[in-house]
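Coordinates in review
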Amino acid sequence: EVQLVESGGGLVQPGGSLRLSCVASGFTFTDYAMSWVRQAPGKGLEWVSSITDSGTSTRYADSVKGRFTISRDNAKNTLYLRLNSLKTEDTAMYYCLRAWGMGVPGITPRGQGTQVTVSS
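Residues numbered from 1 in each chain as written. Predicted model: local features only at pLDDT ≥ 70, side-chain atom pairs only at ≥ 80, totals over all residues. Heavy atoms only, no water.

1. Here we look at the overall build of the chain
Defined as follows: A run of H or I in DSSP becomes a helix once it reaches four residues, and a run of E becomes a strand once it reaches two; helices and strands are each numbered from the N terminus. A radius of gyration in this sense is built from C-alpha atoms; the matching globule rule multiplies 2.2 Å by the number of residues raised to 0.38. Residue burial is assigned from relative accessible area. The probe radius is 1.4 Å, only protein chains are included, and a residue is buried under 20% of its type maximum, exposed over 50%, and partly exposed in between. For the area figures, the Shrake-Rupley method with a 1.4 Å probe applies, and any residue is considered shielded solely by the protein chains shown.
A tally of regular secondary structure across the chain gives 0 helices and 10 strands. Listing the helices and strands of the chain from first to last along the sequence gives β-β-β-β-β-β-β-β-β-β. Taking 2.2 N^0.38 as the reference for a compact globule, 120 residues should give roughly 14 Å; the C-alpha atoms of the chain span a radius of gyration of 13 Å, in line with that estimate. Oriented by its inertia axes, the alpha-carbon framework of the chain measures out at about 40 × 30 × 25 Å. Across the 120 residues that make up the chain, the buried fraction comes to 44%. Here the chain displays about 6,000 Å² of accessible surface, and carbon together with sulfur accounts for 47% of that area.

Here it is as structure tokens:
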């Protein structure tokens with residue numbers, strides 16, 4: 001069974017930082033590109049960042065470019081997202097996804113999410 005378990009979210013002040021983690025199991029992690037997506041209250045799902053299976057190539061949404069960093073540790077089957085210079089508009093539930101890009105909602109394996117709240 002494919003499992004993706006996110007952690008690391010929390011309440012942080014504007015300008016602060018967090019590191020999200022996603023531990024994968026039930027499949028060969030090194031065979032898949034991975035992504036982070038997020039959903040703010042009352043809004044649709046937004047793609048944030050993707051990383052190739054080897055970790056050698058990454059992409060970012062314009063809204064997070066230069067502030068967020070995606071990475072992976074294939075030895076630990078873990079995907080990361082470093083969030084720096086956080087803004088109130090980054091408040092959302094963050095999900096890791098077994099896909100390059102948005103995947104197919106309802107089909108692409110996705111974790112249960114970790115909440116990030118940016119507020120003073």
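2. Description of the environment of G101
Selection rule: Contacts: residue pairs with any heavy atoms within 4.5 Å of one another.
Note that G101 resides in the loop between β9 (92–97) and β10 (114–118). Filtering out sequence-adjacent residues up to four positions away, G101 remains in contact with S35, V37, W47 and S50.

3. A short note on the sheet that holds strand β4 (residues 34–39)
Defined as follows: Strands pair, by our definition, only if DSSP identifies at least two bridges between them. Whenever a helix is involved, its axis is fitted only over the stretch in contact; in every case the axis is a line through C-alpha atoms, and angles between N-to-C directions fall within 0 to 180 degrees.
Pairing in this open sheet of 6 strands is mixed, and the strands run β2-β10-β9-β4-β5-β6 from one edge to the other. In this open sheet, the two edge strands, each paired with only one partner strand, are β2 (10–12) and β6 (58–60). Taken pair by pair, the neighbouring strands of this sheet meet at an average axis angle of 25°, ignoring direction. Across 6 bridges, β4 lies against strand β5 (residues 45–51) in antiparallel orientation. Residue pairing in the sheet places S35 in a bridge with S50 of β5.

4. Structural notes on the pattern of salt bridges
Side chains carrying opposite charge are able to pair once their charged atoms draw close together. Defined as follows: Put simply, a salt bridge is a Lys or Arg side-chain nitrogen that is within 4 Å of an Asp or Glu carboxyl oxygen.
Counted by the stated rule, this structure contains 4 salt bridges. One salt bridge in this structure joins D90 and R38, with 3.0 Å as the shortest N-O distance. One end of the pair, D90, is in the loop between β8 (78–83) and β9; the other, R38, is in strand β4, and 52 residues separate them in sequence. With its nearest N and O atoms 3.1 Å apart, the salt bridge here joins K65 to D62. According to the relative accessible area criterion, K65 is exposed, its value standing at 51%. Taken together, the shared-partner salt bridges in this structure form one network comprising R38, E46, R67 and D90.

5. So, the packing of aromatic side chains
For clarity, the threshold we go by: Pairing of aromatic rings covers Phe, Tyr and Trp, the last counted by its six-membered ring, and requires centre-to-centre distances within 6.5 Å; plane angles under 30 degrees mean stacked, over 60 mean edge-to-face, and any other angle means tilted. Working rule: Lys NZ or Arg CZ, within 6 Å of ring centre, within 35 degrees of ring normal, means a charge sits over the ring.
A full pass over the atoms with the stated rule returns 2 aromatic pairs. Seen from their ring centres, F27 and F29 are 6.4 Å apart, and the 55° between their planes marks the pair as tilted. Taking 5.4 Å as the distance between ring centres and 85° as the angle between the ring planes, the aromatic pair formed by F27 and Y32 counts as edge-to-face. Accessibility expressed as a relative area gives 13% for F27, which makes it buried. Through a chain of ring-to-ring contacts, three or more aromatic side chains come together here, namely F27, F29 and Y32. A cation sits over an aromatic face here: R110 above Y95, 3.9 Å from the ring centre.

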